Amino acid sequence: MAPRPIIPSRANDVLSPVLTTPDATSVVSSTPLDDAGVVSTARTYASGDVQITPTDATGVLQTTTPGVALAASFSPIAHAKGNGHGYRVVAANKFEPKATCSALRVIPASNRTWLPLYHRHGPCSPPHSGRRTPYSTASILRRDQVRADAIQRRLSRTGPSAVSTALGTALGLGTLEYVIAVGLGTPSVRQTVLIDTGSDLSWVQCRPCSRPPCHRQRDAVFDPSKSSTYSPFRCGSPACARLAADNTTNGCSDSNRCGYVVKYGDGSNTTGTYSSDTLTLTPSDVIVNFRFGCSHDITGFADTDRTDGLLGLGGDAQSLVSQAGKRAFSYCLPPTASRTGFFTLGVPRVSASRFAVTPLYRTAQSATFYLVMLQAITVAGRRLDVPPSVFSAGAIMDSGTIITRLPPAAYRELRAAFRAEMIKMYPPAPPAGILDTCFNLTGVRDLRVPRVALVFDRGVAVELHPTGIIQYGCLAFASNHARRSAGIIGNVQQRTLEVLYDVAGGAVGFRHGAC
């Protein structure tokens, strides 16, 4: 049985997990392979036992005390060759994308559905226009704050987003950075879509557009009249009724077709016909009757984006994850926009797994979000003086938020510790928007970066890649406004990690150096 959700009465309340946290003598249960050679997803966290994805090639999970199995690859004080214990030395040009695309370094296990993943403004991206990101740093950070604020409103159920739906509304499109290419319809038409763990309802732009010309995109605009498997939902159908229950319905058309609407916190929105068609992820991985929005009208979506739509990866029933039936997915976000990552569906094969796993939590405020519990942060190998209770509201794993948000007390300690280490080597610089701990790195060729690790429930310590620590010459973290509000683990901090969302098993896994 999967773990029961954390159900706070308000976003600022202290979360009270129903899961039993094991004591120091608890051991990891072992689970053999199923007939397909895949770890069973029917995992539980109860009665003091915790199951962690395997670290050996025998087909059985290792038996150990919590936290021990992950020490080798995720120790926050692991030595780096030629560096001090608490630092990593990285060439400064590693923080900047190149003009040409670098291929994927690591190929995921072949037993899972996997697709290449790209930064939408990088040279690897299918919709890349040949120009660097059209947004300034200030604009990117402003958009990021809009999304972070919208998440907090969703959790507190206050403000304008309270009348929006759980289906990805109110979070904004402007910060979504990563895309994959899928096929839609019969015959299959390539569509390059943004991925978003903060959305459930998927949509693509469709012909006819109500206000020609359609939003500019590199791929052909999907034409439902040319797909033999396309079917619009009728008003009164169970699928349309679900939209009404979630407040995403947009009434009925004259031809009795079910309409949908998604309104985002940055002012953009999409409306059209709620439909189904065949979704092709790979030639051998096809989802029939995939439910999505066929968008005939989009506003507030910049022409420079060139993407075709959005693929919702949230936890509600409309998302790809729920419809695919595999109830597990992962992605690896590359260190810079000029490298590629990957997206997968399914649970990894035992022999290919090196994940450190922490429990996955849910909240009654939104079925969309995936939460984890932070316990501590280390800087240069030293644990910050932050009580675990500071993190009791949990933290949302979000592919769409860029910069990680922390409770104010935790951020103050992180900022002070990081500044104390950096100021020994680099002079301070003015703040950059929400980033208030910046340094003058002009002329620096080899950057000495203090190690930073996030420590999650059950002692899972995840060391961040240097590009997940410093952005724009600044510490890539920011503070929440409210003292007890939930944190947000942004996509900058997730770079180079394969992040596994085992929804059925109630776990989030981290694999170091995956892309």
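Residues numbered from 1 in each chain as written. Predicted model: local features only at pLDDT ≥ 70, side-chain atom pairs only at ≥ 80, totals over all residues. Heavy atoms only, no water.

J.: Now, about the overall build of the protein chain: what can you tell me, with residues and values included?
T.: Looking only at helices and strands, the protein chain features five helices and 31 strands. Across the 515 residues of the protein chain, 58% fall into the buried class. Across the protein chain, contacts joining residues at least 24 apart in sequence account for 71% of those joining residues at least 6 apart. Approximately 19400 Å² of the protein chain is accessible, and the part contributed by carbon and sulfur atoms is 53%. (Helix = DSSP H or I, 4+ residues; strand = E, 2+ residues; numbered from the N terminus. Buried < 20%, exposed > 50% of the residue type's maximum accessible area, 1.4 Å probe, protein only. Contact = heavy atoms within 4.5 Å. Areas by Shrake-Rupley, 256 points an atom, 1.4 Å probe, with all protein chains shown as cover.)

J.: Give me the pairing of strand 4 (residues 189-196): which residues, what numbers.
T.: Along strand 4, six of the eight residues are buried, which leaves the element largely enclosed by surrounding structure. Relative to strand 4, strand 3 (residues 178-184) runs antiparallel, the two sharing six bridges. Considered in strand 4, the bridge of Ala181 is made with Thr192. The hairpin formed by strand 3 and strand 4 contains four residues between the paired strands, and Gly185 there has a positive phi angle of roughly 90°. Relative to strand 11 (residues 309-312), strand 4 is paired through four bridges, and the arrangement is parallel. If you follow Asp196 over to strand 11, its bridge partner there is Gly312. (Pairing = 2+ DSSP bridges.)

J.: Tell me about the state of the cysteines, and please be specific about residues and values.
T.: For the structure on display, the rule yields five disulfides. Here Cys101 connects covalently by a disulfide to Cys124, the sulfurs 2.0 Å from one another. Residues Cys101 and Cys124 are joined through a disulfide that is right-handed, its torsion about the S-S bond being 105°. Of the two residues, Cys101 is situated in the loop between strand 1 (87-91) and strand 2 (113-119) and Cys124 in the loop between strand 2 and helix 2 (137-156); the sequence distance between them amounts to 23 residues. Given the relative accessible area of 10%, Cys124 is considered buried. A sulfur-sulfur distance of 2.0 Å marks the disulfide that ties Cys206 to Cys294. Across the S-S bond of Cys206 and Cys294 the torsion is about -115°, and the bridge reads as left-handed. Taken as a pair, Cys206 in the loop between strand 5 (203-205) and strand 6 (231-232) and Cys294 in strand 10 (residues 285-299) lie far apart in primary sequence, 88 residues in all. The exposure classification of Cys206 matches that of Cys294, with both residues buried. (Disulfide = S-S within 2.5 Å.)

J.: Explain unusual backbone geometry residue by residue, including any values.
T.: Between Thr186 and the following residue, Pro187, the backbone shows a cis peptide bond with an omega angle of 0°. The phi torsion at Tyr472 lies on the positive side, around 55°, for a residue other than glycine. Along the polypeptide, Tyr472 turns up in the loop between strand 26 (470-471) and strand 27 (474-475). With a phi close to 70°, Thr496 is a non-glycine residue in the positive phi region. Tracing the sequence through the fold places Thr496 in the loop between strand 29 (487-489) and strand 30 (498-502).

J.: Residue-level account of the environment of Val449, with values.
T.: Relative to the assigned elements, Val449 resides in strand 23 (residues 446-450). Residue classification places Val449 among the buried positions, given a relative accessible area of 1%. The sequence separation of Val449 and Met422 amounts to 27 residues, and the corresponding C-alpha distance is 7.6 Å. Excluding residues within four positions of it along the chain, Val449 makes contact with Gly86, Tyr87, Arg88, Phe95, Pro466, Ile469 and Ile470.

J.: Describe the environment of Thr100, with residues and values.
T.: Within the fold, Thr100 resides in the loop between strand 1 and strand 2. Residue Thr100 is classed as exposed on the basis of its relative accessible area of 55%. Residues Thr100 and Cys124 lie 24 residues apart in sequence; the distance between their C-alpha atoms is 7.5 Å.

J.: Describe the sheet that holds strand 17 (residues 374-379), listing the residues and the values that go with them.
T.: In spatial order, the strands read 18-17-24-25; together these four strands make up an open sheet with antiparallel pairing. With one partner strand each, in any of the chains shown, strand 18 (382-383) and strand 25 (460-463) form the two edges of the open sheet. Relative to strand 18, strand 17 is paired through two bridges, and the arrangement is antiparallel. Bridging from a neighbouring strand, Thr378 pairs with Arg383 of strand 18. Against the sheet, helix 5 (residues 408-422) contacts strand 17, strand 18 and strand 24 (452-456), and its axis sits at roughly 15° relative to strand 17. (Axes fitted to C-alpha atoms, helices over the stretch in contact; angles between N-to-C directions.)

As far as function goes, none of this settles anything; it's purely spatial.
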